[in-house]
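Tertiary structure, described
Okay, here's what each chain looks like letter by letter:
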Amino acid sequence: MEKEPMTRVGYEKITNDLDFLKTTERPETVIALEEARQLGDLKENAEYHAAKDKLKLIDIQIAEVGAIISKAVIVDPEALPHDRVSFGSTVNLVDVNSEEEFQYAIVGSVESNPEKGLISFNSPLAKQLLGKEEGDVFIVKAPKGEIEYEVESFEFKKKWRTSKTINWFKKFSSKQV
């Protein structure tokens, strides 16, 4: 079974999501399904079919989230050495050509949100960053072409707050016309 590294914050978020699905979302949908069933002819009952479809989606979500939790391995970034970029590091990058600056924290897949500066350790950029030191230069292959970055600095922060406005995700993923 493939393990899914995540921080304690990510684990708590996903377990809370699962709890919400099981204790709130699903029971409410079951009630809506029963109420719709009592409206009569099920063949032409849009509310019944909508509730039935929603219940299927919720059950799929519960199964998917449950599978992620079963593979979860909580990683404490504080316990990792941070003499090089590692899981939990917040990294300041500079685009060598444009001198534009970016800041990212490397987190688990569940926690990732590139627009907020949280990138998955599995992302192409994070894979390039892991193990780097200050001053290291590297090239990332992006859909719009190759981009050369320099690691300006990195540190471990208990809470990830990116201090720079991040448009890198859009820049990284947009294709040149």
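Remember, predicted model here, so these are calculated numbers, not experimental data.

1. Some words on helix α1 (residues 8-37)
Taking 1.5 Å as the rise per residue, α1 with 30 residues should run 44 Å; its terminal C-alpha atoms sit 42 Å apart, in good agreement. The largest bend along α1 measures about 40° and falls at L21. Taken residue by residue, α1 has G10, I14, L18, L21, E25, T29, L33 and A36 as its buried positions. Elements that come into contact with the buried residues of α1 comprise β1 (4-6) and α2 (46-71).

2. Some remarks on the sheet that holds strand β3 (residues 89-95)
Overall, mixed pairing links the five strands, which are arranged β5-β4-β3-β7-β6 in an open sheet. Edge positions in the sheet fall to β5 (118-120) and β6 (137-142), since each has one partner strand and no second. For this sheet, the mean angle separating the axes of adjacent strands, direction not counted, is 45°. In this sheet, β5 lies alongside strand β4 (residues 101-107) in parallel orientation, the contact comprising three bridges. In the strand pairing of β5, V107 is matched with S120.

3. Digging into the nonpolar core
Ranked by size, the top nonpolar core spans 20 residues in total, and within it V91, L93, I106, L125, L129 and F138 carry the most contacts. Of all elements in the fold, only β3, β4, α3 (124-129), β6 and β7 (145-156) reach the threshold of two or more residues within this core. Excluding its chain neighbours within four sequence positions, the residues that come into contact with V91 are V85, F102, Q103, Y104, I106, L129, V151, S153 and F154.

4. Quick notes on the side chain of S120
With respect to the element layout, S120 can be found in strand β5. Once residues lying within four places of it in the same chain are set aside, the contact partners of S120 are V107, G108, S109, S112 and A126.

Calculation notes
- Residues numbered from 1 in each chain as written.
- Predicted model: local features only at pLDDT ≥ 70, side-chain atom pairs only at ≥ 80, totals over all residues.
- Heavy atoms only, no water.
- Helix = DSSP H or I, 4+ residues; strand = E, 2+ residues; numbered from the N terminus.
- Expected span 1.5 Å × (residues − 1).
- Bend = angle between axes of the 7 residues up to and from the residue.
- Buried < 20%, exposed > 50% of the residue type's maximum accessible area, 1.4 Å probe, protein only.
- Contact = heavy atoms within 4.5 Å.
- Pairing = 2+ DSSP bridges.
- Axes fitted to C-alpha atoms, helices over the stretch in contact; angles between N-to-C directions.
- Core = buried A, V, L, I, M, F, W, Y, C linked by side-chain atoms within 4.5 Å.

Just geometry here; none of it tells us what the structure is for.
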